[in-house]
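Residue-level listing of the chains:
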Amino acid sequence: MLITIWKMNVGNDVSDLAKDFIQHLLLKDPRERLTAEEAKKHAWFSSNPKDKDLRISRRMSEYNLKRKENILSRREDSVRD
């Protein structure tokens, strides 16, 4: 039985192959879980590097932009007071 771990907001930042790989590593029953040898042979390891891209820089840029907007908004509020 696969554990559903992708209810969190990962969107398109994690490839389907990566999700499958992680889910098979997290199986509760050790008899069903991937062994180290099986894990090394998983399709994710031989996939295109673009499929492994987590697009971290894009998410960090979005986070930093929102952070800057919040700081500017607080400064404007404090100037008005």
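Analysis parameters
- Each residue is numbered by its place in its chain's sequence as written, counting from 1.
- At least 70 in pLDDT is required for a residue's local features to be given in this predicted model, at least 80 for side-chain atom pairs to be given and counted, and no such filter applies to totals for whole chains, interfaces and linings, which use all residues.
- To get the side-chain values, all heavy atoms of the structure are used, and hydrogens and water are removed first.
- The helix count covers DSSP runs of H or I at least four residues long, the strand count covers runs of E at least two residues long, and both are numbered beginning at the N terminus.
- Summary of the burial criterion: residues with accessible area below 20% of their type's maximum are buried, those above 50% are exposed, and those between are partly exposed, where the area comes from a 1.4 Å probe applied to protein chains only.
- By the convention used here, residues are in contact when the closest approach between their heavy atoms is within 4.5 Å.
- To be clear on the numbers: accessible area is Shrake-Rupley with a 1.4 Å probe, and residue cover counts the displayed protein chains and nothing else.

Visitor: It is not clear to me how the overall build of the protein chain should be interpreted in this structure. Could you clarify?
Guide: Looking only at helices and strands, the protein chain has five helices and zero strands in total. Secondary structure of the protein chain in N-to-C order comes out as α-α-α-α-α. Counting the 81 residues in the protein chain, one finds 19% classified as buried. Counting contacts in the protein chain only where the partners sit at least 6 residues apart, residues at least 24 apart contribute 42% of the total. In the form shown here, the protein chain has an accessible surface area of approximately 7,000 Å², with 55% of it arising from carbon and sulfur atoms.

Visitor: When you look at helix H1 (residues 16-25) in this model, what are you seeing that I'm missing?
Guide: Given 3.6 residues per helical turn, the α-helix brings residues three or four places apart onto the same face. Every buried residue of H1 is listed here: Ala18, Lys19, Phe21 and Gln23. Buried residues along H1 sit against helix H2 (36-40) and helix H3 (43-46).

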